[in-house]
Amino acid sequence: FDTGRIYNGKPLYQKEADPDRWLRYVTAGHLNQWRVSSSQSVKANDDKGYIYCKEIDLANPTEGKEWYAWMGNEWRLQPSIGAVKVGAWSTAPSAGHHKAGGGSTMFTLLA
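Residues numbered from 1 in each chain as written. Predicted model: local features only at pLDDT ≥ 70, side-chain atom pairs only at ≥ 80, totals over all residues. Heavy atoms only, no water.

S.K.: Mind showing me how you'd approach the sheet that holds strand 3 (residues 22-26) here?
M.R.: Working definition: the strands of a sheet are paired by backbone hydrogen bonds and lie parallel or antiparallel to each other. One open sheet accounts for seven strands, arranged 1-2-3-4-5-6-7; its pairing is antiparallel. The strands lining the two open edges of the sheet, one partner per strand, are strand 1 (2-7) and strand 7 (75-77). With direction set aside, neighbouring strand axes in the sheet form an average angle of 30°. (Pairing = 2+ DSSP bridges. Helix = DSSP H or I, 4+ residues; strand = E, 2+ residues; numbered from the N terminus. Axes fitted to C-alpha atoms, helices over the stretch in contact; angles between N-to-C directions.)

Next comes the structure, spelled out in structure tokens:
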């Protein structure tokens with residue numbers, strides 16, 4: 001869900017069923033990419049995470065086409081992962097699934 005917070009210039013999302021999972025925009029190391037991370041990485045504002053979007057400088061995660069997941073010892077492309085939005089984008093934050101700011105707008109990572 002959309003936390004209503006701006007993080008590195010983009011909305012910060014928290015997984016509804018797991019408060020230790022975040023979808024955030026990472027600028028550390030000049031990555032400029034969307035990444036799924038832990039609460040610890042959100043606080044540290046580092047480049048660590050479990051899943052990341054290869055494309056950089058995206059306005060929102062739904063624009064990502066290639067998502068990679070950490071498989072214990074390497075990053076692997078996961079064609080089944082993607083971000084999908086439902087509804088129209090808005091600037092007003094609200095609660096819900098993985099909200100992308102406003103009313104019925106939401107997105108989810110598909111795996």
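S.K.: How should I be thinking about the nonpolar core in this particular structure?
M.R.: Among soluble globular proteins, nonpolar side chains are generally buried collectively. Counting residues in each nonpolar core, the largest one holds twelve residues, listed as Tyr 13, Leu 23, Tyr 25, Trp 34, Val 36, Ile 51, Cys 53, Leu 58, Trp 67, Ala 69, Ile 81 and Ala 83. Mapped onto this core, the elements with two or more residues apiece are strand 3, strand 4 (33-37), strand 5 (51-53) and strand 6 (67-70). (Core = buried A, V, L, I, M, F, W, Y, C linked by side-chain atoms within 4.5 Å. Buried < 20%, exposed > 50% of the residue type's maximum accessible area, 1.4 Å probe, protein only.)

S.K.: Would you explain the packing of aromatic side chains in this entry?
M.R.: Given two aromatic rings, one states the distance between the centres and the angle between the planes to describe the pair. Counted by the stated rule, this structure contains five aromatic pairs. The interplanar angle of 65° and the centroid separation of 5.4 Å between the aromatic rings of Tyr 25 and Trp 34 together place this pair among those described as edge-to-face. Arranged with centres 4.8 Å apart and planes meeting at 80°, the rings of Tyr 52 and Trp 75 form a pair that is edge-to-face. With a gap of 23 residues between them, Tyr 52 in strand 5 and Trp 75 in strand 7 connect regions that are remote in the sequence. A relative accessible area of 16% means that Tyr 52 is categorised as buried. Of the aromatic side chains, those joined through ring pairs into one cluster are Tyr 52, Tyr 68, Trp 70 and Trp 75. Lys 10 extends its terminal NZ or CZ atom over the ring of Tyr 25, reaching a point 5.0 Å from the ring centre. (Phe/Tyr/Trp six-rings, centres within 6.5 Å; stacked < 30°, edge-to-face > 60°. Lys NZ or Arg CZ within 6 Å of the ring centre and 35° of its normal.)

S.K.: Mind showing me how you'd approach the environment of Tyr 7 here?
M.R.: As for its position among the elements, Tyr 7 is in strand 1. In the structure, Tyr 7 is positioned 18 residues away from Tyr 25 in sequence and 6.8 Å away in space, judged by C-alpha atoms. Those residues in contact with Tyr 7 that lie beyond four places of it in its chain are Leu 12, Arg 24, Tyr 25, Ser 41, Val 42 and Asn 45. (Contact = heavy atoms within 4.5 Å.)

S.K.: I'm lost on unusual backbone geometry in this one. Help?
M.R.: Phi is mostly negative for residues that are not glycine, and the peptide bonds are mostly trans. Within the chain, His 30 stands out as a residue other than glycine whose phi angle is a positive 60°. In this structure, His 30 sits in the loop between strand 3 and strand 4. With phi around 50°, Asn 32 is a residue other than glycine that occupies positive phi space. Residue class for Asn 32 comes out partly exposed when judged on its relative accessible area of 21%.

Keep in mind these numbers describe shape, not what the thing actually does.
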